[in-house]
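Residues per chain, in single letters:
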Amino acid sequence: MCGIVGYIGPQPAAPILLKGLEKLEYRGYDSAGIAVRDLERLSVIKTVGRLQDLRARLEEQGVPQGSLGIGHTRWATHGRPSDINAHPHSDCSGRIAVVHNGIIENYKELREWLVEEGHTFKSETDTETIAHLIERFYEGDLVDAVRKTIKRLEGSFALGVLHFDQPQEIVAARQHSPLVVGLGDGENFLASDIPAVLEHTKKVYIIDDGEVVRLTSDQAEIFDFAGRPVRKEIFEVAWDPVLAEKGGYPHFMLKEIYEQPQAVRDTLQGRLNGGRVVLPDLTLDLAYLRGLRKIFITAAGTAYHAGIVGKYVIEKLARIPVEVDLSSEFRYRNPMLGPDCLTIVISQSGETADTLASLREAKRLGSKVLAITNVVGSSVTRETPEVIYTLAGPEIAVASTKAYTTQLIALYLFALYLAQERQTLSEQQLAEYIAALEQLPQAISATLSCEEAVVGLAQEFKDKEDIFFIGRGLDYAVAMEGSLKLKEISYIHAEAYAAGELKHGTLALIVEGVPVFALITQESLRDKMISNIKEVKARGATVIGVANEGDRFAEEACDQVIFIPRTNEILTPVLAVAPLQLFAYHAALARGCDVDKPRNLAKSVTVE
Ligand code: AGP
């Protein structure tokens, strides 16, 4: 996600802002900028690229000398990475500067209204709309203007705002995007994350949703959006800087596992509207969607496992045949596709060489291509106009977790969109799926409460030679992902198998004490799964089930069961994967492995 910093006090602001942004670099970004108020103006210096590029630009243009400023590192969501799309953003007069984390869903209609009011825009971002709204409402009181502005915003935001005419304050606000105030001695700090202020103070206010802050050098006044004062307790930060960089988590992977509820919420945001799925960035027309003969999905690793879930879901909901290929195989098998086919490429980084090559092969054969990716401006987005972004925020750990679950969300949304446009689902059915999707963030949070039980399993199985994951249907797809997670970070040999296929060979490997994770979330296949569990138990396996809450049959058949909240059967992969992610994490930890940077692996495989 993006990073926000702010400073007000007696010291020059620019060096403090830059150092604060450095502490947030780990969050991943594609551009950076600062705004500093000195005697003559509000200087805004920003650039696409890294902080060293911003430092170079400051050297070129001269470092502004004021002691009031805000800064930002941007992870693009609306508008490609570029100098002009970098934050801070200004109003028409250049007297207001804004930095923003989050997504303003209704920015297009606000922008249209502001243009009609005579405002001129420079960037493609949703954030610039905020600067012009504040300009529109400003009548001498910046807090009041910001409050009037946020009443018009729909979506998520953490804001930092400066006005040249208000040299004694920074105004900030929070709605669904983190924001903290660092309390210094005769100086105060603003940040999107605690690491950015730790060098100066351990005393912070955690700003909550619905709160506005007026920050001066000796005071932090907090109000609710209605303008009523809010009392805050000071939070003493006990973390050391290294721990703080991961938001208090010991590893990025664990932090990203726990970010999944928010990542899923962000990926759904603005795409479920009045009982319909809306994908405004797609230009695939109705005739094309209705004439589709076949869909191909191609991806690598975890993204491939998401694609297998996508196959089941698109075929079930939209009744279109789907083939799924590993991207390293796809272009070498002469796939039979053409203009009446759609090829979906899935890639967190948008840079995987095999997946890019598959995209180009599909286009060469005449197929339109839809990319599902987490990185705005990545290579796949430059080679097809049809993109569905996952909004997971930067994924730092090599082992993919929140990218996987948000890829599933993107596939569910597209499958429902196809079903809606091809009328293969009734309105009632569509509404039921949408309601179930909206429940997922809290269901994931509830599922993560299994962590304590999983730690025990990791201790029990950490020295095992082989661990198996079995399932049927969607559960088999999730078994593949669980197996990859475990082997890539704990180095334990793990294998996923279609449960019904065990007796055709792999059962020979099931001996006394071999752990088998059995996924049993597909009610229609549960009896078959119970038989397969009995098959492996008869050979001495220890079976850990992942099942729907209250499933007594699973409880009786397995040695231990991790329950997930009940949801619509096609959505269970989003929940069932969480215990497997946590198991892989704790098994790797128990074995002393480098969880975030496993041996031999890279976060993005940009070579074949
Ligand atoms: C997943 O945990 C791995 N890091 C790896 O399999 C990854 O999913 C694969 O390399 C694809 O990456 P992409 O999504 O960026 O294309």
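Residues numbered from 1 in each chain as written. Predicted model: local features only at pLDDT ≥ 70, side-chain atom pairs only at ≥ 80, totals over all residues. Heavy atoms only, no water.

### Focus on the pattern of salt bridges
Phase 1 of the analysis: Within the structure shown, the criterion is met by 35 salt bridges.
Phase 2 of the analysis: A salt bridge links Lys19 to Glu199; the shortest N-O distance between them is 3.1 Å. You can see Lys19 sitting in helix α1 (residues 13-22) and its partner Glu199 sitting in the loop between β10 (188-191) and β11 (203-206), a full 180 residues away along the chain.
Phase 3 of the analysis: According to the relative accessible area criterion, Glu199 is partly exposed, its value standing at 47%.
Phase 4 of the analysis: Residue Arg293 pairs with Asp340 through a salt bridge whose shortest N-O separation is 2.8 Å. On the criterion of sequence distance, the pair formed by Arg293 in the loop between α9 (286-291) and β17 (294-299) and Asp340 in the loop between α11 (327-330) and β19 (341-347) is long-range, its members being 47 residues apart.
Phase 5 of the analysis: Residue classification places Arg293 among the partly exposed residues on the basis of a relative accessible area of 42%.
Phase 6 of the analysis: Three or more residues are tied together by salt bridges with common partners; here these are Glu139, Asp144, Arg147 and Lys148. (Salt bridge = Lys/Arg side-chain N within 4 Å of Asp/Glu carboxyl O. Helix = DSSP H or I, 4+ residues; strand = E, 2+ residues; numbered from the N terminus. Buried < 20%, exposed > 50% of the residue type's maximum accessible area, 1.4 Å probe, protein only.)

### Looking at empty space enclosed by the protein
Phase 1 of the analysis: In the structure shown here, the tally under the stated rule is 1 cavity of 30 Å³ or more.
Phase 2 of the analysis: The calculated volume of the largest cavity comes to roughly 60 Å³.
Phase 3 of the analysis: Together, Val5, Gly6, Ile16, Leu17, Gly20, Phe189, Leu190, Ala196, Val197 and His200 line the largest cavity.
Phase 4 of the analysis: Sorting the residues of the lining of the largest cavity by element identifies β1 (3-8), α1 and β10 as the ones contributing at least two each.
Phase 5 of the analysis: The biggest single contributor to the lining of the largest cavity is α1, with 3 residues.
Phase 6 of the analysis: Tallied by class, the residues present in the lining of the largest cavity amount to 7 nonpolar, 3 polar and no charged. (1 Å grid on protein atoms, 1.4 Å probe; cavity = no way out; pocket = protein on both sides within 12 Å on 5 of 7 lines; lining within 4 Å. Points joined across faces, edges and corners; volume = space filled by probe spheres on them. Nonpolar A, V, L, I, M, F, W, Y, C, P; charged D, E, K, R; others polar.)

### Quick word on the nonpolar core
Phase 1 of the analysis: Grouped together as the largest cluster of nonpolar side chains are 98 residues, with contacts concentrated most on Ile295, Ile314, Ile344, Tyr412, Phe414 and Leu437.
Phase 2 of the analysis: Considering each element in turn, this core owes the most residues, 13 residues, to helix α14 (residues 402-421).
Phase 3 of the analysis: For Tyr412, the contacting residues outside a window of four places in its chain are Val309, Val313, Leu437, Ile570, Leu571, Pro573 and Val574. (Core = buried A, V, L, I, M, F, W, Y, C linked by side-chain atoms within 4.5 Å. Contact = heavy atoms within 4.5 Å.)

### Let's talk about the site of the ligand
Phase 1 of the analysis: Every one of the 14 residues lining the ligand counts as a neighbour, but Ser347, Ser349, Thr352, Val398 and Glu488 are closest to it.
Phase 2 of the analysis: The contact in question runs from an oxygen atom of the ligand to an N or O atom on the side chain of Ser347, over 2.6 Å.
Phase 3 of the analysis: Between the ligand and the protein, one listed contact pairs an oxygen atom with a backbone N or O atom of Gln348 at 2.7 Å.
Phase 4 of the analysis: Here the ligand loses 91% of its free accessible area of 410 Å² to cover by the protein chains.
Phase 5 of the analysis: Of all the secondary-structure elements, those providing two or more residues to the shell around the ligand are α10 (301-318) and α17 (474-490).
Phase 6 of the analysis: Broken down by class, the residue content of the shell around the ligand amounts to 5 nonpolar, 7 polar and 2 charged. (Near = heavy atom within 4 Å. Polar contact = N/O pair within 3.5 Å; in protein donor to acceptor, adjacent residues only side chain to side chain. Areas by Shrake-Rupley, 256 points an atom, 1.4 Å probe, with all protein chains shown as cover.)

### Looking at helix α2 (residues 51-61)
Phase 1 of the analysis: Listing the buried residues of α2 in full gives Leu51, Leu54 and Leu58. Taken down its axis, α2 places every buried residue within 55° of arc, on the same side. Relative to its buried face, α2 has exposed residues pointing more than 90 degrees away, namely Gln52, Glu59 and Glu60.
Phase 2 of the analysis: The secondary structure elements touched by the buried residues of α2 are α1, β2 (31-37), β3 (42-48) and β4 (68-74).
Phase 3 of the analysis: Once α2 finishes, Gly62 follows within two positions and takes phi at roughly 90°, a positive value. (Arc of directions from axis to C-beta.)

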